[in-house]
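Report on the structure
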Amino acid sequence: MAICPTGGCNMAVPKQKTPKSKRGKRRSHNALKVTNLALCPQCKSLIIPHTVCKVCGTYKGKEVIDVDRRKRRKEAKEKREKEKEMPGQK
Ligand SMILES: [Zn+2]
């Protein structure tokens, strides 16, 4: 008997209902864990450990990313896109 109107469906269908206990066991690992955060030694903002700080762009006290340059480029891009949406208006 084909339930699907096209008749070509061969979807896998479970034979039996999954019991609450089995479902619960499967979901016992699904809970979200609290992310471990550290303080940036440079700007004291919360960062993921062993990563570059996104606020000041430093890692182990050295500047790795030029944050100001990124900010300027982002602003310029937004400005360009705004002008693209509404040409002639400023
Ligand atoms: Zn920082």
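Residues numbered from 1 in each chain as written. Predicted model: local features only at pLDDT ≥ 70, side-chain atom pairs only at ≥ 80, totals over all residues.

Here we take up the overall build of the protein chain. Summing up its helical and strand segments, the protein chain has two helices and four strands in all. When the helices and strands of the protein chain are placed in sequence order, the string is α-β-β-β-β-α. Here the protein chain, with 90 residues, has 2% of them falling under the buried criterion. (Helix = DSSP H or I, 4+ residues; strand = E, 2+ residues; numbered from the N terminus. Buried ≥ 20, exposed ≤ 12 C-beta atoms within 10 Å, placed from the backbone.)

Of note, histidine 50 is a non-glycine position whose phi angle comes to about 65°, a positive value. Position of histidine 50 relative to the elements: it lies in the loop between strand E2 (46-47) and strand E3 (58-59). Of the residues examined, histidine 50 has 8 C-beta atoms within 10 Å and is grouped as exposed. Residue lysine 60 is not a glycine yet carries a positive backbone phi of 55°. Mapped onto the elements, lysine 60 comes out in the loop between E3 and strand E4 (62-63).

When pLDDT is averaged along the protein chain, the result is 87; 88% of the residues meet or exceed 70. Per-element confidence in the protein chain ranges from a low mean pLDDT of 88 for E4 to a high of 97 for helix H1 (residues 20-27). (pLDDT = per-residue confidence, 0-100.)

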